[in-house]
Amino acid sequence: MNVQSTPWHKSAYGIAAALLIALGLPARAHAAERLTLANGFDLICDHHAMVQGRVRVYPKAAAEDYVELSPDAIRGVETIPDPPAEPAVAVSEGVSPAPASKPAATPVDTRLTAADLHQLLAKAGSEHNVDEDLLASVVKAESGGNTRAVSHAGARGLMQLMPGTAQQLGVSNSFAPDENVRGGTAYLDELLTRYHDNIVLALAAYNAGPEAVDRYRGIPPYHETRLYVARVIHEFNRRVMARQRQSNQNLASIVSR
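Along each chain, the written sequence defines residue order, and numbers are assigned to residues from 1. Thresholds applied to this predicted model are a pLDDT of at least 70 for local features of residues and 80 or more for the giving and counting of side-chain atom pairs; totals over whole chains, interfaces and linings are not thresholded and use all residues. Hydrogens and waters are ignored; side-chain quantities use all the structure's heavy atoms.

Colleague: Quick question: what am I supposed to make of the environment of Leu 35 here?
Modeller: Here a strand is any run of E in DSSP of at least two residues, a helix any run of H or I of at least four, and the numbering for each starts at the N terminus. With respect to the helices and strands, the residue Leu 35 is situated in strand S1 (residues 33-37). We classify Leu 35 as buried; its relative accessible area is 0%. The sequence separation of Leu 35 and Cys 45 amounts to 10 residues, and the corresponding C-alpha distance is 7.8 Å. Each residue is assigned to one of three classes by its accessible area relative to the maximum for its type, calculated with a 1.4 Å probe on protein chains only: buried under 20%, partly exposed between the two thresholds, exposed over 50%.

Put into structure tokens, the structure is as follows:
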């Protein structure tokens, strides 16, 4: 791989983990902790833990995704109480309560094999010169690999394309994996070009729209957007390091022969 001939944002080796520290999250009522960071931001999370001299910040109670920080990056921790419970609605005797609204139908969870997804991402990444691991990180954050995923806002498919965006990109069926990945990759490439290879701004625009990024001249102060950017970068860095380790092992194996 000729890294020097590849644009910065499209090469995994150009991503710095330090970008995560800049993702201060706005307060929300149901959060468990507020971490005051040395850079002036507040980071809202479910909980944190010290692991091998590093602080792992968990946005959710489930310890799957986390942002890892240096202890020096944290100036203080404040517990945020849970919001008061909703008061129960009294029901008069003889009067039936209003029926609960019918939950929306959940689309069938359809996932590709790892090999099929790899083939799709590698093809789209090659066509647009976007790193496959970056695309895989976006897919994981957007849909978890579910080709039939639909968000509350109506975004669809692996890379969660809104109907209007899909139409502009020439995607006729967002649930078709190849069309969705092709369109999502083209859109991400456009955003990376628009923001001069700034991966953080491009990801923020992918989540919240370029209008919001332009309005706030940076990452919008939306909890969802800041958490989304942190998740994608964390996953991307994880994949890059794994790829580097594998490359080093392969090189060592060749040298030892």
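Colleague: Hey, could you run me through the pairing of strand S4 (residues 54-58) in this one?
Modeller: Each regular strand shows side chains that alternate between the opposite faces of the sheet. As paired elements, strand S3 (residues 47-51) and S4 share five bridges and run antiparallel to each other. The residue bridging His 48 from the neighbouring strand is Val 57, located in S4. Linkage of S3 to S4, two consecutive antiparallel strands, is achieved through a turn of two residues, within which Gln 52 is found at a positive phi near 55 degrees. The pairing of S4 with strand S5 (residues 67-69) spans three bridges and is classified as antiparallel. For Val 55, the partnering residue across the bridge sits in S5 and is Leu 69. Strand pairing is assigned whenever DSSP detects at least two bridges linking the two strands.

Colleague: Can you walk me through the pattern of salt bridges in this structure?
Modeller: Working definition: two side chains of opposite charge can pair if their charged atoms are close together. For this document, the term salt bridge refers to a Lys or Arg side-chain nitrogen within 4 Å of an Asp or Glu carboxyl oxygen. The tally for this structure, following the rule as stated, stands at eight salt bridges. Between Glu 127 and Lys 123 there is a salt bridge, with the nearest N and O atoms lying 2.7 Å from each other. Taken together, the residues Glu 127 and Lys 123, both in helix H1 (residues 114-128) and four residues apart, mark about one turn of the helix. One salt bridge in this structure joins Asp 214 and Arg 194, with 2.5 Å as the shortest N-O distance. Placement of Asp 214 in helix H6 (residues 210-216) and of Arg 194 in helix H4 (residues 177-194) is noted, with a sequence separation of 20 residues between them. Residue Arg 194 is classed as partly exposed on the basis of its relative accessible area, which comes to 42%. Residues participating in the shared-partner salt-bridge network are Asp 131, Asp 133, Lys 140, Glu 235, Arg 238, Arg 239 and Arg 243.

Colleague: Would you mind going over the packing of aromatic side chains with me for this structure?
Modeller: Any two aromatic rings considered together are summarised by their centre-to-centre distance and by the angle between their planes. Pairing of aromatic rings covers Phe, Tyr and Trp, the last through its six-membered ring, and needs centres within 6.5 Å; plane angles under 30 degrees mean stacked, over 60 mean edge-to-face, and all others mean tilted. Within the structure shown, the criterion is met by two aromatic pairs. Here the aromatic rings of Tyr 216 and Tyr 222 are separated by 6.0 Å at their centres, their planes lie at 85 degrees, and the arrangement is edge-to-face. In this structure Tyr 216 comes out as partly exposed when scored by relative accessible area, which is 40%. For Tyr 222, a relative accessible area of 30% corresponds to the partly exposed category.

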